[in-house]
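Take a look at the letters that make up each chain.
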Amino acid sequence: MEIPSMAILRVDHIAVVVPEIDTALAFWQKALGLPLEHVEEIAVQETVVAMMPVGETEVELVQPTTETSGIAKYMAKRGPGLHHICFEVDDIEATLAQLKEQNIQLINEEPVVGAGGKRVAFVHPKSSSGVLIELSESQTVL
Ligand code: ZN
């Protein structure tokens, strides 16, 4: 099988998990002065996210909305802090195919709908030096 080509375009966002977005904004928005672009509930991921643009990328504050989601358990165990780095890719299917071909452990074998209606998929930190990686396709907004 021929593997389709893929390209990583930029760091789309850097996600920080926080217990409460409103409280976290005291630093990110007030002290640092980052603009708050929008706040969005992502029901399937059981989170609310706040996007704050910084140059060509964004800081994403992620607040769990349940106690049982993966991200809630992560925060309960490790506390607030850096959660994942998201790369924008031109073709998420091609990227996932290429990673599978290299036996990279994926959390999402197929794309799921993430913030902004974009198609996203997560790479397991076991395969990426302990850093949770999100891939987000630039073109498709559902
Ligand atoms: Zn993200």
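All chains use their own residue numbering, which begins from 1 and follows the written sequence. For a predicted model such as this one, the threshold for reporting local features is a pLDDT of at least 70, and the threshold for listing and counting side-chain atom pairs is 80 or more; totals across whole chains, interfaces and linings nevertheless cover every residue. With hydrogens and water stripped out, all remaining heavy atoms of the structure feed into the side-chain values.

S.K.: Explain the coordination of the zinc ion to me, using residue names and the numbers behind them.
M.R.: Only N, O and S atoms count as donors, using a 2.8 Å cut-off from the metal and 3.2 Å for Na, K and Ca, and because water is excluded some sites may appear unfinished. Every protein donor of the zinc ion is listed here as His-13 (NE2), Glu-60 (OE), His-84 (NE2) and Glu-134 (OE), and their distances to the metal cover 2.0 to 2.6 Å. Coordination at the zinc ion comes from 4 donor atoms whose angles at the metal span 87 to 176 degrees, giving a geometry best classed as irregular. Written as a sequence motif, the donor residues of the zinc ion are H-x46-E-x23-H-x49-E. Within this pair, whereas His-13 is found in strand S1 (residues 8-17), its partner Glu-60 is found in strand S4 (residues 57-64), the two being separated by 47 residues in sequence. For the residue pair His-13 and Glu-60, the accessibility class agrees, reading buried in each case. For a four-donor site, all angles between 85 and 135 degrees give tetrahedral; for four or six donors, opposite pairs above 155 degrees with the remaining angles between 65 and 115 give square planar or octahedral; all remaining cases count as irregular. Numbering goes from the N terminus for both helices and strands, where a helix is a DSSP run of H or I of at least four residues and a strand is a run of E of at least two. Throughout, exposure labels follow a simple rule: accessible area from a 1.4 Å probe, protein chains only, divided by the maximum for the residue type, with under 20% read as buried, over 50% as exposed, and the rest as partly exposed.

S.K.: Give a detailed account of the pairing of strand S3 (residues 47-54), specifying residues and quantitative values.
M.R.: One face of the sheet, then the other: side chains in a regular strand alternate in exactly this way. Of all 8 residues in S3, 6 are buried; the element is thus mostly enclosed. The pairing criterion for strands is at least two bridges between them, as found by DSSP. Examined bridge by bridge, strand S2 (residues 38-42) and S3 share 5 bridges and lie antiparallel to one another. Each residue of the ladder has a partner; that of Glu-40, found in S3, is Val-49. Between S2 and the antiparallel strand that follows it, S3, lie 4 residues; Glu-46 among them carries a positive phi value of about 55 degrees. Two strands pair when backbone bridges link them, and S3 and S4 are joined in this way by 8 bridges, in the antiparallel orientation.

S.K.: Can you explain the side chain of His-83? Please cite residues and give values.
M.R.: With respect to the element layout, His-83 can be found in strand S5 (residues 81-89). Reaching out from His-83, the side chain makes a polar contact with the side chain of His-84 at a distance of 2.9 Å. N or O atoms closer than or at 3.5 Å make up a polar contact, with two conditions inside protein: a donor-capable atom paired with an acceptor-capable one, and, for residues adjacent in sequence, both atoms drawn from side chains.

S.K.: Pulling in residues and values, what's your account of helix H1 (residues 21-31)?
M.R.: When H1 is considered as a whole, its buried residues turn out to be Ile-21, Ala-24, Leu-25 and Trp-28. Along H1, the residues classed as buried sweep out an arc of 115 degrees about the axis, all on the same side. Opposite the buried face of H1, by more than 90 degrees, sit the exposed residues Thr-23, Lys-30 and Ala-31. Contacts between residues were defined by any pair of non-hydrogen atoms, one from each residue, lying within 4.5 Å. In this structure, the buried residues of H1 make contact with S1, S3 and S4. Directions are taken from the helix axis to each C-beta atom, and the arc is the one they span.

S.K.: Go over the pairing of strand S7 (residues 118-123) with me, naming the residues and quoting the values.
M.R.: Counting buried residues along S7, 6 of its 6 residues qualify, which places the element largely inside the surrounding structure. With 2 bridges connecting them, strand S6 (residues 112-113) and S7 associate as antiparallel partners. Considered in S7, the bridge of Val-113 is made with Arg-119. Where S6 hands over to S7, the hairpin turn is made up of 4 residues, of which Gly-116 adopts a positive phi near 70 degrees.

S.K.: Give a description of the packing of aromatic side chains that names residues and reports values.
M.R.: Where two aromatic rings form a pair, the distance of their centres and the angle of their planes describe that pair. Aromatic pairing here means that ring centres of Phe, Tyr or Trp (its six-membered ring) are within 6.5 Å. Orientation follows from the plane angle: under 30 degrees is stacked, over 60 is edge-to-face, and everything else is tilted. Considering all chains together, one arrives at 1 aromatic pair under this definition. Centroid distance Phe-27 to Trp-28: 5.1 Å. Interplanar angle 85 degrees. Geometry classified as edge-to-face.

S.K.: Describe in detail a nonpolar patch on the surface, supporting the description with residues and values.
M.R.: Only residues above 30% relative accessible area that lack a salt bridge enter a patch, with like-charged residues linked at up to 9 Å and the nonpolar side chains Val, Leu, Ile, Met, Phe, Trp and Tyr linked at up to 5 Å. A 1.4 Å probe and the Shrake-Rupley method give the accessible areas. Residues count as covered only by the protein chains that appear here. The term salt bridge refers to a side-chain nitrogen of Lys or Arg lying within 4 Å of a carboxyl oxygen of Asp or Glu. Judged by side-chain polarity, Val-11, Ile-14 and Leu-82 come together as a nonpolar surface patch covering roughly 220 Å² of accessible area. By secondary structure assignment, the location of Leu-82 is in strand S5. In this structure Leu-82 comes out as exposed when scored by relative accessible area, which is 52%.

S.K.: Tell me about the nonpolar core, residues and numbers included.
M.R.: What is meant by a nonpolar core is a set of buried Ala, Val, Leu, Ile, Met, Phe, Trp, Tyr and Cys residues, joined one to another through side-chain atoms within 4.5 Å. If you look at the biggest cluster of nonpolar residues, it comprises 12 residues: Val-16, Val-18, Ile-21, Ala-24, Leu-25, Trp-28, Leu-34, Val-48, Ala-50, Met-52, Val-59 and Leu-61. Contributions of two or more residues to this core are made by H1, S3 and S4. For this core, the element with the highest residue contribution is H1, accounting for 4 residues. Beyond its immediate sequence surroundings of up to four residues, Leu-61 is in contact with Val-16, Val-18, Ile-21, Ala-24, Leu-25, Trp-28, Val-48, Val-49, Ala-50 and Met-52. Ile-92, Leu-99, Leu-106 and Ile-133 belong to the second-largest nonpolar core, a separate cluster that totals 9 residues.

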